[in-house]
Amino acid sequence: MVRGIIATDLRKAFRIPRGLFGKPTEKVAVDGLSLVIPPGRVTGLLGLNGAGKTSTIKMMATLLRPTSGTITVDGLDTVADARAVRRRINLIAGGERMVYAQLTGRENLHYFGRLYGLPGGVRRQRSEELLDLVGLSDAADTVVERYSRGMAQRLSIARGLINDPDYLLLDEPTLGLDAPIARDLRQVVAKLVRNGKGVLLTSHYLAEVEELCEHVYVIAAGRHLTEGSPAMLTADAGCHKTVTVAVPDPSAEVAAAVAQFTARISASIVEERRDDGTLVVSLVHPDDIAGPLVTAIVAAGGAIIDLTVTNPSLEDAILAIADGAHPPAGVAP
Ligand SMILES: Nc1ncnc2c1ncn2[C@@H]1O[C@H](COP(=O)(O)OP(=O)(O)OP(=O)(O)O)[C@@H](O)[C@H]1O
């Protein structure tokens, strides 16, 4: 048996009713996706709005039935063996409140533990461990309606771990969270993965994906576009680096040398003159041009007081990939 969540040729089409007498139309949300979420790793699923990420995650979580194709979780089918699958997975969706406002934090965890059939002792012990993990031990006896949004979200995360799932599906888990809480969550996820859990992550915060994910799938209109490590995707997308230099009070020769260098390598350039006369030049180019640029400025008699090189981010790469991807024929945008 191959371990992991394995989706094969997955397809989800929604029927959209057209009034009382109109013929229903079909919206294809997921169109032949094959994905592997192995244990011990965070796998990313990226795509623009409406790409089919949530539909895919809901099918993995047994909340939606695939129109065709299969998903197995450690060999168990999400349709035929749904109950056994549910014991092995859990879902944390950032945008949705997944805990009860009228219960305290501790009561929520006991309640969900009971739903999973955990024996009393295990339920109590795990609830305390999870309250501690998400930093809510002191607020355990406060009703959730008095929690801040961040606290409620942290409790949702504890709820998502109550059945000690082998696989965790995270759909925008840090949506709306303050930076320190989001950072804590990332640390929790990294620790879970070190302990062998498999995690699927969708997030619009691409720095988060870059930090956590070893492998990323990029989808558009329900179809596979590309996949790889964040570093590989960034390199392959052909995104350019930005070199910025600050030249104090440049002479006409130095300004001409910068212009000639820029024209020779066909870089795109943004220039800014500060109040104190410093010229700040940003050049965008695929190659490492910092050295030759500095040489050109110094050779013309100029000095440099600041130099920064900004590498392209995963965000740049995803935008470039999405820009280059046209919806496949026959698929509505
Ligand atoms: N229940 C539904 N009925 C009809 N169409 C749906 C339904 N759920 C989703 N869709 C459509 O399927 C497509 C994929 O939606 P999905 O929510 O899976 O995308 P997503 O990548 O998660 O988007 P987002 O980033 O905006 O959350 C969208 O065009 C959406 O409008």
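So, how was this worked out
Residues numbered from 1 in each chain as written. Predicted model: local features only at pLDDT ≥ 70, side-chain atom pairs only at ≥ 80, totals over all residues. Buried ≥ 20, exposed ≤ 12 C-beta atoms within 10 Å, placed from the backbone. Helix = DSSP H or I, 4+ residues; strand = E, 2+ residues; numbered from the N terminus. Pairing = 2+ DSSP bridges. Right-handed = clockwise from strand over helix to strand, strands pointing away. Core = buried A, V, L, I, M, F, W, Y, C linked by C-beta atoms within 7 Å. Contact = placed C-beta atoms within 7 Å. Axes fitted to C-alpha atoms, helices over the stretch in contact; angles between N-to-C directions. Parallel < 35°, antiparallel > 145°, perpendicular 65-115°, else oblique. Left-handed = near helix turned anticlockwise from the far one by under 90°. Nonpolar A, V, L, I, M, F, W, Y, C, P; charged D, E, K, R; others polar. Near = placed C-beta within 6 Å.

With that settled, consider the pairing of strand S8 (residues 198-202). Burial of S8 is extensive: five of the five residues sit out of reach of the surface. Of the two faces of S8, both are covered, the one formed by Gly198, Leu200 and Thr202 as well as the one formed by Val199 and Leu201. Sheet topology places strand S3 (residues 41-46) next to S8; four bridges connect them, and they run parallel. If you follow Arg41 over to S8, its bridge partner there is Gly198. Pairing geometry for strand S7 (residues 167-171) and S8, over five bridges, is parallel. Looking at the pairing, Tyr167 lines up with Gly198 of S8. Handedness of the crossover joining S7 and S8 through helix H6 (residues 179-194) is recorded here as right-handed.

Before going further, it helps to spend a moment on the pairing of strand S6 (residues 89-93). S6 sits mainly inside the fold: five of its five residues count as buried. Where burial is concerned, the two faces of S6 agree: the one with Ile89, Leu91 and Ala93 and the one with Asn90 and Ile92 are both buried. Pairing geometry for S6 and S7, over five bridges, is parallel. Each bridged residue has a counterpart across the sheet, and for Ala93 the counterpart in S7 is Asp171.

A separate point is the nonpolar core. One recurring pattern in soluble globular proteins is that nonpolar side chains are buried together. Counting residues in hydrophobic clusters, the biggest one holds 65 residues, and the most contacted among them are Met60, Ala158, Leu169, Leu200, Leu201 and Val209. Leaving out residues up to four positions away in the same chain, Leu200 has contacts with Ile37, Thr43, Leu45, Ile57, Leu169 and Leu170. Grouped together as the second largest cluster of nonpolar side chains are 13 residues, Val245, Val254, Val281 and Ile289 included.

Moving on, we get to the sheet that holds strand S5 (residues 76-77). Spatially, the four strands line up as an open sheet ordered S2-S1-S4-S5, and their pairing is antiparallel. At either margin of the open sheet sits one strand with a lone partner, and together these are strand S2 (22-37) and S5. One ladder, built from 11 bridges, connects strand S1 (residues 5-18) with S2; its direction is antiparallel. Within S2, the position partnered with Arg18 by the bridge is Gly22. Against the sheet, helix H1 (residues 53-60) engages S1, S2 and strand S4 (68-73), with an angle of about 115° to S1.

In this section: the packing of helix H3 (residues 105-115) against helix H4 (residues 120-133). Remark: H3 packs on H4, axes separated minimally by 9 Å, with the N-to-C direction vectors making an angle of 135°. The orientation of H3 with respect to H4, classified from their angle, is oblique. Seen along the crossing, H3 lies across H4 with a hand that is right-handed. Contacts from Gly105, Arg106, Leu109, His110, Gly113 and Arg114 in H3 reach Arg123, Arg126, Ser127, Leu130 and Leu131 in H4. Residue composition of the contact of H3 with H4, grouped by class: three nonpolar, four polar and four charged.

Sheet strands pair by backbone hydrogen bonding; their relative direction is either parallel or antiparallel. Ordered by their spatial adjacency, four strands build an open sheet running S12-S13-S11-S14, and the pairing between neighbours is antiparallel. The sheet is open, and its two borders are formed by strand S12 (268-273) and strand S14 (306-310), each paired with just one other strand. On average, adjacent strands in this sheet sit at an angle of 15° to one another, irrespective of strand direction. When strand S11 (residues 241-247) meets S14, the two strands line up antiparallel, connected through five bridges.

Here the focus is the site of the ligand. The immediate surroundings of the ligand are formed by Phe14, Ile16, Lys27, Ala29, Gly47, Asn49, Gly50, Ala51, Gly52, Lys53, Thr54 and Ser55. Every element with two or more residues in the shell around the ligand is listed here: S1, S2 and H1. The biggest single contributor to the shell around the ligand is H1, with three residues.

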